[in-house]
Amino acid sequence: MKTLPITRARLRDHLRYDFWKYALAWALVFMVCDGAVGIIKNSVPDTDKVDIYFVGDVYPAVTMGRMEDELQKALPEYRAVHLRTQYIAINGHLPGEVIEPNSLPVQQSLANSQNQKLALMMGGMMGSAMDAGIMHVDFCSYFQELYLLRPLDEYFEQGVLDETLKEYAVYGVDVEGNQHIYALDASCLRRLERDEIMNTTNMMALIPLASKNPDGAAKAIAWLYQNAIK
């Protein structure tokens, strides 16, 4: 088989006209490796991670990473603890504005295609389920009426949530008419305001019924009320 000698000029021409092939090859390698890393990072079992969502007119804050690190250190039994934000567009209200109870067009807001993710997450129909959430009292009431909230009574009985937190308790009734604690008033979590994560006025902390790690969620809520209340 006849072979052509490799000369400096031939090599220069080859790199000049076929450089895109090498660039494409390296790009594909990077994409495959990056995807593999992503799959590994996201392969943590649901019971081994905790996802806490701040819901409303909120935006990711640089300081949220520091709080997330603190929470992860406080819950070493879980491989991953995430603080996330879910933006909910509410017509007529500005980001950070104090929204009074019974003033949200809840069904209208959730009907917006941008916000349907929240309803799906609360119902456990999303891959990344919400383990715990902090959201406006009107959303809390709406989801409680649909029986999509987990009662917190057992976590008070187990001592995960301190008895002193009952002063923030928000009560509701189940399908049989029995009264339970379904949420905690989160307006006292002033650190969330100082860290510019969200305005906590009229906000509630809760655990969705569809939470895939309610025990971890309860521990995370307990930590917030110990460390973000001042």
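This is a predicted model, so every value here is computed, not measured.

Asker: Any chance you could explain the sheet that holds strand S6 (residues 203-206) here in plain terms?
Answerer: Think of a sheet as strands paired side by side through backbone hydrogen bonds, with each pair either parallel or antiparallel. Across the sheet, which stays open at both edges, the six strands sit in the order S2-S1-S3-S6-S5-S4 with mixed pairing between neighbours. Two strands lie at the open edges of the sheet, namely strand S2 (80-87) and strand S4 (169-173), each paired on one side alone. Taking the axes of each pair of neighbouring strands and ignoring which way they run, one obtains an average angle of 30 degrees across the sheet. Judged from the five bridges that link them, S4 and strand S5 (residues 179-185) form a sheet pairing that is antiparallel. Its bridge partner being in S5, Tyr-171 is matched across the sheet by Ile-181. In this fold helix H2 (residues 64-74) packs onto strand S1 (49-56) and S2, with an angle of close to 145 degrees to the strand it touches most, S2. In the packing of helix H8 (residues 214-227) onto the sheet, contacts are made with S1, strand S3 (132-136), S5 and S6, and the angle to S1 comes to roughly 60 degrees.

Asker: Quick question: what am I supposed to make of the confidence of the model for the protein chain here?
Answerer: Note that predicted coordinates carrying low pLDDT should not be read in detail. Put simply, the protein chain has an average pLDDT of 76, and 63% of its residues get 70 or more. Across the protein chain, element-level confidence peaks in helix H6 (residues 153-157) with a mean pLDDT of 97 and bottoms out in helix H1 (residues 8-41) with 49. Counting contacts from residues 19-24, a segment whose pLDDT is below 50, to residues more than four positions away or on other chains yields three contacts.

Asker: What's the story with H8 in this structure? I'm lost.
Answerer: Given 3.6 residues to a turn, an α-helix orients residues that are three or four positions apart in the same direction. Its 14 residues give H8 an end-to-end C-alpha distance of 20 Å, which sits within 8% of 20 Å, the value for a rise of 1.5 Å per residue. Among the 14 residues of H8, ten are classified as buried, and the element is accordingly described as predominantly covered. Looking only at H8, the buried set comprises Pro-214, Gly-216, Ala-217, Ala-218, Ala-220, Ile-221, Ala-222, Trp-223, Leu-224 and Tyr-225.

Asker: Is there a simple way to think about unusual backbone geometry in this case?
Answerer: Across residues other than glycine, the phi torsion is negative in most instances, and most of the peptide bonds are trans. Here Tyr-147, not a glycine, exhibits a phi torsion of approximately 60 degrees, which is positive. Judged by relative accessible area, Tyr-147 falls into the partly exposed class, the value being 38%. The phi dihedral of Glu-196 falls on the positive side, at around 60 degrees, and the residue is not glycine. Structurally, the position occupied by Glu-196 is in the loop between helix H7 (191-194) and S6.

Asker: Looking at this model, I keep getting lost on the environment of Ser-141. Mind explaining?
Answerer: Residue placement: Ser-141 occurs in helix H5 (residues 137-145). Residues Ser-141 and Gly-172 lie 31 residues apart in sequence; the distance between their C-alpha atoms is 8.7 Å.

Asker: I would appreciate a short explanation of the nonpolar core in the present structure.
Answerer: Considering soluble globular proteins, one finds that nonpolar side chains tend to be buried as a cluster. One finds Ile-134, Leu-184, Leu-189 and Tyr-225 to be the most contacted residues of the largest nonpolar core, which totals 40 residues. Elements supplying a minimum of two residues to this core: S1, H2, S2, S3, H6, S5, S6 and H8. Per-element tally for this core: the top contributor is H8, with eight residues. The contacts of Leu-184, once residues within four sequence positions are left out, are Leu-152, Phe-156, Leu-165, Tyr-168, Ala-169, Val-170, Met-203, Met-204, Ala-205, Ile-221 and Tyr-225. If you look at the next biggest cluster of nonpolar residues, it comprises 14 residues, including Met-130, Cys-140, Phe-143 and Met-204.

Asker: Hey, could you run me through the packing of aromatic side chains in this one?
Answerer: Both the distance between ring centres and the angle between the ring planes are used here to describe each pair of aromatic rings. The full count for this structure, using the stated rule, is two aromatic pairs. Residues Tyr-142 and Phe-143 carry aromatic rings whose centres are separated by 5.6 Å and whose planes lie at 65 degrees to one another, so their mutual orientation is edge-to-face. For Phe-143, a relative accessible area of 1% corresponds to the buried category. Taking 5.8 Å as the distance between ring centres and 45 degrees as the angle between the ring planes, the aromatic pair formed by Tyr-168 and Tyr-225 counts as tilted. You can see Tyr-168 sitting in the loop between H6 and S4 and its partner Tyr-225 sitting in helix H8, a full 57 residues away along the chain. Looking at Tyr-168, the relative accessible area reads 18%, which means it is buried. Just above the ring of Phe-156 sits the side chain of Lys-166; from NZ or CZ to the centre is 5.5 Å.

Reading guide: rules and limits
Residues numbered from 1 in each chain as written. Predicted model: local features only at pLDDT ≥ 70, side-chain atom pairs only at ≥ 80, totals over all residues. Heavy atoms only, no water. Pairing = 2+ DSSP bridges. Helix = DSSP H or I, 4+ residues; strand = E, 2+ residues; numbered from the N terminus. Axes fitted to C-alpha atoms, helices over the stretch in contact; angles between N-to-C directions. Contact = heavy atoms within 4.5 Å. pLDDT = per-residue confidence, 0-100. Expected span 1.5 Å × (residues − 1). Buried < 20%, exposed > 50% of the residue type's maximum accessible area, 1.4 Å probe, protein only. Core = buried A, V, L, I, M, F, W, Y, C linked by side-chain atoms within 4.5 Å. Phe/Tyr/Trp six-rings, centres within 6.5 Å; stacked < 30°, edge-to-face > 60°. Lys NZ or Arg CZ within 6 Å of the ring centre and 35° of its normal.

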